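Structural features, examined
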Amino acid sequence: MAFTIDLAGKTAVITGSNSGIGLGIAWELARAGADVVLNSFTDRDEDHAIAKEIADETGVKARYIQADMSKGDQCRRLIADAGACDILVNNAGIQHVAAIPDFPAEKWDAIIAINLSSAFHTTAAALPMMRDAGWGRVINIASAHGLTASPYKSAYIAAKHGIVGLTKTTALETAEEPITANTICPGYVLTPLVDAQIPDTMKEYDMSREDVIKNVLLKRQPSKEFATVEQLGGTTAFLCSDAAAQITGTAISVDGGWTAL
Ligand code: NAD
């Protein structure tokens, strides 16, 4: 039997998908035939235009639903409004960098809410729908920082380690069902989230943009290349395939060798 990736008839909900990795995943799942529900906390014409572009280009149904992933009730409402959720990709995330004594408490709370608690709420709302449908995939986007740590990113690292743990529990609670739960742990990917960190780092180290990329961002990424949103989309699509039906509870690194160090 040759394995193919055909997601026709499935609906994928991807949180935080009007930019970066989430958008790359939405495109790749749509190319594999899944209907997609995009999300972020804004409600601009351009958000809905992205969904239309995906629908026009791939022929699947694509919608944009506004919901703030820092609020538990809105996380659950997103899944209810989607109407179906065969594939849940918990991707929404933010970052803040500061030493622990200086770390603003409200930033800690926001990072834990958006990067970790949102996945609990969406998973709680989606699992009954997956059980009714008799098939499901939960894919949580953590980070190399879900498996290792760096200074000054306490909330992000706590949230990302937390999501690796939440994924394992989700996998065990669904182990005897045709539902899998896995984490993808990207190394650095050049998205708006990472791009926004470059100017401060240039100032801090008095370095050029190129030097920050090579000597700071990619310092721990042995390949010395960014992972791409297309590669993360492809890894997500693979986890939705029949070939991956027995892959559950794992953390898959897409990090150019970072966590092999
Ligand atoms: P990004 O800033 O391009 O995307 C983040 C997404 O989350 C955006 O769509 C944003 O609108 C959304 N978002 C933020 N707050 C939200 C909220 N309250 N409600 C709903 N949506 C919200 O960044 P990205 O790099 O694409 O990050 C996506 C995920 O990948 C994050 O979880 C991030 O931690 C993870 N990640 C990124 C990298 C990287 O190098 N870029 C590496 C490892 C992990």
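Residues numbered from 1 in each chain as written. Predicted model: local features only at pLDDT ≥ 70, side-chain atom pairs only at ≥ 80, totals over all residues. Heavy atoms only, no water.

**Details of the packing of aromatic side chains**
How two aromatic rings sit relative to each other is set out by the distance from centre to centre and by the angle between their planes. This is how it is decided: We call Phe, Tyr and Trp rings a pair once their centres come within 6.5 Å, taking the six-membered ring for Trp, and we label the pair stacked below 30 degrees between planes, edge-to-face above 60, and tilted otherwise. Helix and strand assignments come from DSSP, with helices taken as H or I runs of at least 4 residues and strands as E runs of at least 2, each series counted from the N terminus. Throughout this description, buried means an accessible area under 20% of the type-specific maximum (1.4 Å probe, protein chains only), exposed means over 50%, and partly exposed covers the range between.
The final tally for this structure, using the stated rule, is one aromatic pair. On the numbers, 5.7 Å between centres and 25° between planes, the contact of Tyr-188 with Trp-258 is stacked. Taken together, the residues span a long stretch of sequence, with Tyr-188 in the loop between strand 6 (179-186) and helix 6 (192-195) and Trp-258 in the segment after strand 7 (251-254) at a distance of 70 residues. Here Trp-258 falls in the buried class, since its relative accessible area comes to 6%.

**Some details on the packing of helix 4 (residues 105-133) against helix 5 (residues 154-173)**
The test is simple: Here an axis means a line fitted to C-alpha atoms, over the contact stretch when the element is a helix, while the angle between two N-to-C directions is reported on a 0 to 180 degree scale. In these notes the angle categories are as follows: under 35 degrees is roughly parallel, over 145 is roughly antiparallel, 65 to 115 is roughly perpendicular, and the rest is oblique. Two helices crossing with the near one rotated counterclockwise from the far one by less than a right angle form a left-handed crossing, whereas a clockwise rotation gives a right-handed crossing. For this analysis, residues touch if any pair of their heavy atoms sits within 4.5 Å.
As a packed pair, helix 4 and helix 5 sit with axes 8 Å apart at the nearest point and diverge in direction by 15°. With respect to their mutual orientation, helix 4 and helix 5 come out roughly parallel. Here helix 4 runs over helix 5; the crossing is right-handed. Contacts between helix 4 and helix 5 involve Trp-108, Ile-111, Ile-112, Asn-115, Leu-116, Ala-119, Phe-120, Thr-123, Leu-127 and Arg-131 from the first element and Ser-154, Ala-155, Tyr-156, Ala-158, Ala-159, Lys-160, Gly-162, Ile-163, Leu-166, Thr-170 and Glu-173 from the second.

**Considerations on the domain arrangement of the chain**
To keep things clear, this is the line we draw: Boundaries of every domain are those given by an automatic assignment or by a domain database. Buried area is calculated as the accessible area (1.4 Å probe) missing from two parts once they are joined, with the contributions of both summed.
Splitting the chain by domain gives domain 1 (11-189 + 227-256) and domain 2 (190-225). The straight-line distance from the C-alpha centre of domain 1 to that of domain 2 is 25 Å. Between domain 1 and domain 2, the contact holds 18 residues from the first and 13 residues from the second. Here domain 1 packs against domain 2, burying approximately 1,100 Å² in sum over the two surfaces, 53% of which is carbon and sulfur. By the criterion of area lost to domain 2, the three top residues of domain 1 are Tyr-188, Val-189 and Gly-256, representing 52% of everything that side buries.

**A short note on the pattern of salt bridges**
For side chains bearing opposite charge, pairing can occur when the charged atoms are close. For clarity, the cut-off: We count a salt bridge whenever a side-chain nitrogen from Lys or Arg sits within 4 Å of a carboxyl oxygen from Asp or Glu.
Using the criterion set out here, one finds eight salt bridges in the structure. We note a salt bridge from Arg-31 to Glu-28, for which the minimum N-O separation is 3.0 Å. Placement of both Arg-31 and Glu-28 in helix 1 (residues 20-31) is noted, with a separation of three residues, approximately one turn of the helix. Of the charged contacts in the structure, one is a salt bridge between Arg-44 and Glu-46, with a shortest N-O distance of 3.6 Å. Judged by relative accessible area, which is 35%, Arg-44 ranks as partly exposed. Looking at Glu-46, the relative accessible area reads 48%, which means it is partly exposed.

**Concerning the sheet that holds strand 1 (residues 11-14)**
Operational definition: By this definition, two strands are paired if DSSP reports at least two bridges between them.
Spatially, seven strands are ordered 3-2-1-4-5-6-7 in an open sheet, and the strand pairing comes out parallel. The open sheet is flanked by strand 3 (62-66) and strand 7, the only strands paired with a single partner. When the angles between neighbouring strand axes are averaged without regard to direction, this sheet yields 20°. Note: strand 6 against strand 7, four bridges, orientation parallel. Looking across to strand 7, one finds that Thr-183 is bridged to Ala-251. Sheet strands in contact with helix 2 (residues 45-58) are strand 2 (35-40) and strand 3, and its direction is about 160° off that of strand 3. Packing of helix 4 onto the sheet brings it into contact with strand 4 (87-90), strand 5 (136-141) and strand 6, and relative to strand 4 it is tilted by some 175°.

**Some points on the site of the ligand**
Stated formally: Each residue is tested against the molecule or strand, and it is near if at least one of its non-hydrogen atoms lies within 4 Å. Here a polar contact means two N or O atoms within 3.5 Å. Within protein one must be a hydrogen donor candidate and the other an acceptor candidate, and residues neighboring in sequence count only if both atoms are side-chain atoms.
For the ligand, the set of nearby residues contains 31 residues, the closest of which are Asn-18, Ser-19, Ser-40, Tyr-156 and Thr-191. A distance of 2.6 Å separates an oxygen atom of the ligand from a polar side-chain atom of Asn-18. Within the backbone of Met-69, one N or O atom sits 2.8 Å away from a nitrogen atom of the ligand. Of all the secondary structure elements, the ones that give two or more residues to the shell around the ligand are helix 1, strand 2, helix 5 and helix 6. Of all the elements, helix 6 adds the most residues to the shell around the ligand, at three residues. Two domains each provide a minimum of three residues to the shell around the ligand, namely domain 1 (11-189 + 227-256) and domain 2 (190-225).

**Section: the state of the cysteines**
For the record, the criterion: The disulfide definition used here is simple: a pair of cysteine sulfur atoms within 2.5 Å.
On inspection of all chains with the given rule, the structure shows zero disulfides. This cysteine, Cys-85, is not joined by any disulfide, and Cys-240 carries the nearest cysteine sulfur, 11 Å off. Take Cys-85: its relative accessible area is 2%, and that puts it in the buried class.

**Topic: the side chain of Asn-91**
Here Asn-91 shows up in the loop between strand 4 and helix 4. When its relative accessible area of 12% is taken as the criterion, Asn-91 is described as buried. What Asn-91 contacts, discounting residues up to four positions off in sequence, is Ile-14, Thr-15, Gly-16, Ile-21, Gly-22 and Ile-141.

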